[in-house]
Amino acid sequence: MSSSLFNVEGKIALVTGSTHGLGMAMARGLGLAGATIVVNGNSSQEKIDIAVSEYKKEGIKAVGYKFNVSDEHEVITAVKKIESEVGNIDILINNAGIIKRTPLLEMEVADFKEVIDIDLVSPFIVSKHVVKGMVERKQGKVINICSMMSELGRNSVGAYAAAKGGLKMLTQNMATEWAKYNIQVNGIGPGYFATSQTEPIRVEGHPFNDFIINRTPAAKWGDPNDLAGAAIFLSSKASDFVNGHVVYVDGGILATIGKPSNED
Ligand code: GCO
């Protein structure tokens, strides 16, 4: 019984922004569990091809599609192409995102809007066009990649926090509107992970690096592979009655007010 609960064998998962980082780690987890991965990126076809070959080296069934998640026309075209060339999308992980670390008073409006556009509006665009098929089939899984900033503010990431806070509420609203079609919409909220996105604030001796080690009860940066379990759970039968929740994979950050730096 338990083996079928978490079974994603043969499922098709579109993971936006899955050529690297957390998106790749979650997609890899699903792929190693038997799902076919539709790899997405928007930087270059070469990056997508390299990523697809990395998935395939581990025996994962993977196909790459380059499209801009913030361009509705590109999304409509890509979803049609994927559904005709690969098959119906069973699992959608809205992972693609950007961050701009600038204090609000110094941030250009255009930069603020770009972060909202990619981190909040794009999950709406992609979900809107993928979920249409899920509604017809009366089943599907949508996972929005939220953040600690869905719950907490932090200096210099105001636009990102606004987007990720909004994404948490969008997750709840998607769950509200689509649960009746047997579509479960939830979120994953990563804590602080060792990726290229956090590299600038993770270097040895950087004050933020020391802060995070102290602020995280697990006293370390997360390994992206630690997200695979939550991705499999929210993509499988095991979560068929879970709707609108964000599973935080954060080493305990949200569980605590923190501790003085000189305390063990
Ligand atoms: C930052 C970090 C965070 C993390 C993650 C936390 O600058 O604070 O980049 O945004 O990447 O989103 O959940």
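A short tour of the structure in this document, coming up. (Residues numbered from 1 in each chain as written. Predicted model: local features only at pLDDT ≥ 70, side-chain atom pairs only at ≥ 80, totals over all residues. Heavy atoms only, no water.)

1. Observations regarding the nonpolar core
Using the following cut-off: Definition of nonpolar core: a set of buried residues of the types Ala, Val, Leu, Ile, Met, Phe, Trp, Tyr and Cys, connected through side-chain atoms within 4.5 Å. We call a residue buried when its accessible area falls under 20% of the maximum for its residue type, exposed when it is over 50%, and partly exposed in between, using a 1.4 Å probe and counting protein chains only. Numbering goes from the N terminus for both helices and strands, where a helix is a DSSP run of H or I of at least four residues and a strand is a run of E of at least two. Between two residues, a contact is recorded if the distance between any of their heavy atoms is within 4.5 Å.
Counting residues in hydrophobic clusters, the biggest one holds 29 residues, and the most contacted among them are Met26, Leu30, Ile37, Tyr55, Ile93 and Ile188. Among the elements that make up this core, the one with the highest residue count is helix α2 (residues 21-32) (five residues). For Met26, the contacting residues outside a window of four places in its chain are Ile93, Asn95, Ile145, Ile188, Leu227 and Ala231. Judged by nonpolar contacts, the second largest core, of 24 residues, contains Phe67, Val75, Met134 and Trp178.

2. Overview of the pattern of salt bridges
Where we set the bar: Salt-bridge detection follows one rule: a side-chain nitrogen of Lys or Arg within 4 Å of a carboxyl oxygen of Asp or Glu.
This model, assessed by the stated rule, comprises nine salt bridges. With a closest N to O distance of 2.9 Å, Lys81 and Glu85 form a salt bridge. Of the two residues, Lys81 and Glu85 are both situated in helix α4 (residues 72-85); the distance of four residues between them amounts to about one turn of the helix. By relative accessible area, which is 39% here, Lys81 ends up partly exposed. Classification of Glu85 as partly exposed rests on a relative accessible area of 47%.

3. Here we look at the pairing of strand β5 (residues 140-145)
We count it as follows: Paired strands, in this sense, are two strands between which DSSP finds at least two bridges. Convention used here: a crossover is right-handed provided that the path from the first strand, over the helix, to the second strand proceeds clockwise when the strands point away from the viewer.
Summarising burial for β5: six of the six residues are buried, a large majority. Side chains of β5 alternate between two faces, with Gly140, Val142 and Asn144 and Lys141, Ile143 and Ile145 buried alike. Pairing of strand β4 (residues 91-94) with β5 involves four bridges; the strand directions are parallel. Bridging across to β5, Ile91 finds its partner in Lys141. For the segment spanning β4, helix α5 (residues 109-137) and β5, crossover handedness is right-handed. Both β5 and strand β6 (residues 183-190) contribute to a ladder of six bridges, which runs parallel. For Gly140, the partnering residue across the bridge sits in β6 and is Ile183. In this view, the connection linking β5 to its parallel neighbour β6 by way of helix α6 (residues 158-178) has right-handed handedness.

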